[in-house]
Amino acid sequence: MELLQVKDLTYAVPDKQLYENSSFTLRSNEHMGIVGKNGAGKSTLLKMLLGTVLPDAGAISWNPAATLGYLDQYVDMDQSLTINEFLTSAYQDLFNTEKEMLKLYEKYGETGDDQLLTRAATYQEQLEIKGFYQVENDINKAITGLGISDGDADQTLSSLNRGDQIKVILAKLLLEKPSVLILDEPTNYLDQEHIEWLTEYLNAFENAFIIVSHDTDFLSNIATCICDIDFGSIKKYHSNYTDFLKQKAHLSEAYQSQFEAQQRKIKETEAFIQKNIAGIKTKMAQGRRKHLEKMDRLKEPEKKIKSNFSFKLMPQSSPNVMMIDELSVGYKESLLTVRDLQVKKGEKIVITGADGLGKSTLVKTLLSIVPAISGKAQFSPQVVVGYHSQEIEWEKTEWTPIEALANKYTKLTYEDVRRELAKCGLKREIASKNLYMLSGGEQSKVKLCDLTMQPSNFLILDEPTNHLDVDSRKALQEALKSFRGSVLLISNDEQFYSPVADHVYVVADKHLIKQ
């Protein structure tokens, strides 16, 4: 059954055509991955499918029977609810119906009006059809599926790490039984254990889903079809992610050959026209001119600007760059204790683990942004830190990337800054837009560009791959491998950090455990 039909979809943002006359469908049971480089319009497409953004032209038609369950990367919840209360809210409409039914029965007891009894009986029949009297059993099954014991179901959502919160949200969506799940970057902030859980969950999901993700391993394991946003169009591939890459490479190569052949033909024809338009072959030249004017010209393939991150090294001679001794970090209570850790010159350390266990708090404590609860951490005197936080924050979002960096590096001209941004994969038109108009990935590239402009000998990066597209992740990975200084990397992206790391530590039981 066809659940979604997108026909001739067209949408543009200032200075850029995201899609033009693009069409695709979603059928029941299809598991669709949406891919594209940063700024291609992936999250915008989801907003259009959900009706929060309107297209410039074209139509988006959902099957009237389709129900949607949506989880975005910035989902907001009432943190004071318990797990049980949150899951129960999946049936809020049924509980409201029950309240109305009980009110009618109560009024019938007072008045004896048979019409009230009939209406109450209708409500009760609706509740029975919708399985209301099995709700408690269904919720208990969902809680068991989450690996949560009955007693722990009374925990508040605020007590859970980000990975467990995602699991609870998805469990609620499952209870709601949507015919289509729509997820935007669901693996951001999840550790490997939670990503594996999510993969199993989605593979077992009987209905359709649409997922935006830059996680290639994740997409390879869950998608049965791919929608690729590229070159101003959306093209659907009826294959898994691995086969999609092969097909796209073949099609791109064929298109490039067709474009080049057409360009050669155009040049030959123009040369003939110019040579013969006033000679004895003038009619032939005029005919070729008309043919040229009617020619359906192929668009020039978009030139991909690759990110080329390169971190400037500040010399330092000390054999150790950082020492930690019995450091306890947190806010009111300790989240994480690091007994003894030394980072040596040129050493690359990775810390991984579920969100909410204190990794970012540890970094902020090392940088004196958050005070330590106890213990100490010390940098060597010659250490110059380059810090990349996972939050995307700007002094003024109305600034362009050029203005934001030029106001920080006042000795550089705007053209100097534009060249630095270009090295990091940001075209001139992107560098000239307001920051608030950029995608999450484009803003991440601006932040990384800022970091490449600061000479340092100790890079501290907190989840730097969030929002980055595949090519930019690879470029960042190569830059970190090439960097001759020390690195402390917070990441759950094993595919990204494995080639970089000298040592990997996992947060477990409020301690760092070396793998």
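Details of the structure are given in the entry above.
Notes on the structure follow.

The rules behind the values
- Residues numbered from 1 in each chain as written.
- Predicted model: local features only at pLDDT ≥ 70, side-chain atom pairs only at ≥ 80, totals over all residues.
- Heavy atoms only, no water.
- Helix = DSSP H or I, 4+ residues; strand = E, 2+ residues; numbered from the N terminus.
- Contact = heavy atoms within 4.5 Å.
- Areas by Shrake-Rupley, 256 points an atom, 1.4 Å probe, with all protein chains shown as cover.
- Lys, Arg positive; Asp, Glu negative; His and termini not counted.
- Charge placed at Lys NZ, Arg CZ, Asp CG, Glu CD.
- Salt bridge = Lys/Arg side-chain N within 4 Å of Asp/Glu carboxyl O.
- Buried < 20%, exposed > 50% of the residue type's maximum accessible area, 1.4 Å probe, protein only.
- Disulfide = S-S within 2.5 Å.
- Pairing = 2+ DSSP bridges.
- Axes fitted to C-alpha atoms, helices over the stretch in contact; angles between N-to-C directions.

Side note on the overall build of the chain
Secondary structure assignment for the chain yields 17 helices and 18 strands. By sequence separation, contacts in the chain at least 24 residues apart represent 72% of the contacts at least 6 residues apart. If you sum the accessible surface of the chain, you get close to 26,400 Å²; carbon and sulfur atoms cover 49% of it. Charge-centre separation for the chain: the mean point of 61 positive side chains lies 13 Å from the mean point of 72 negative side chains.

Details of the pattern of salt bridges
A complete count under the given rule lists 17 salt bridges for this structure. Here Lys37 ties to Glu302 by a salt bridge, and the two come within 2.6 Å at their closest N and O atoms. Highlighted residues: Lys37 in the loop between strand S3 (31-35) and helix H1 (42-50) and Glu302 in the loop between helix H10 (282-294) and strand S10 (320-330), separated in sequence by 265 residues. Lys37 gets classed as partly exposed once you look at its relative accessible area, which sits at 26%. Glu302 sits in the partly exposed class, given a relative accessible area of 31%. Residue Glu302 pairs with Lys427 through a salt bridge whose shortest N-O separation is 3.0 Å. Pair noted here: Glu302 is in the loop between H10 and S10 and Lys427 is in the loop between helix H13 (414-423) and helix H14 (428-431), with a separation of 125 residues, a long-range link. According to the relative accessible area criterion, Lys427 is partly exposed, its value standing at 22%.

Here's the deal with unusual backbone geometry
You will see that Asp8, though not glycine, has its phi angle at about 50°, which is positive. Considering the arrangement of structural elements, one finds Asp8 in strand S1 (residues 2-13). Unlike most non-glycine residues, Glu185 shows phi in positive territory, near 50°. Among the structural elements, Glu185 can be located in the loop between strand S6 (180-184) and helix H7 (192-204). The exposure class assigned to Glu185 is buried, which follows from its relative accessible area of 5%.

Details of the state of the cysteines
Here is the idea: a disulfide is a covalent bond, and it sits between the sulfur atoms of two cysteines. All told, the structure shown has 0 disulfides when counted by the stated rule. With no disulfide of its own, Cys225 lies closest to Cys227 among cysteine sulfurs, the gap being 6.4 Å. Exposure remark for Cys227: the relative accessible area of 0% places this residue in the buried category.

Notes on the sheet that holds strand S4 (residues 57-62)
Pairing is antiparallel in the open sheet, where 3 strands are placed in the order S2-S1-S4. In the strand order of this sheet, the two ends are held by strand S2 (16-27) and S4, each with one partner. Averaged over all pairs of adjacent strands, the angle between their axes in this sheet comes to 15°, without regard to strand direction. Judged from the 8 bridges that link them, S1 and S2 form a sheet pairing that is antiparallel. The residue of S2 that forms the bridge with Val13 is Lys16. On the sheet, H1 packs against S1, S2 and S4 and is oriented at approximately 125° with respect to S1.

A word on the sheet that holds strand S8 (residues 225-230)
Taken in spatial order, the 6 strands make up an open sheet running S5-S6-S7-S3-S8-S9, and their pairing is mixed. Edge strands, defined here as strands with exactly one partner in the open sheet, are strand S5 (68-71) and strand S9 (233-237). Ignoring strand direction, the axes of neighbouring strands in this sheet form an average angle of 15°. Judged from the 5 bridges that link them, S8 and S9 form a sheet pairing that is antiparallel. Within the sheet, the bridge partner assigned to Cys227 lies in S9 and is Lys236. Against the sheet, H7 makes contact with S3, S6 and strand S7 (208-212), and its axis sits at roughly 155° relative to S6, the strand it touches most.

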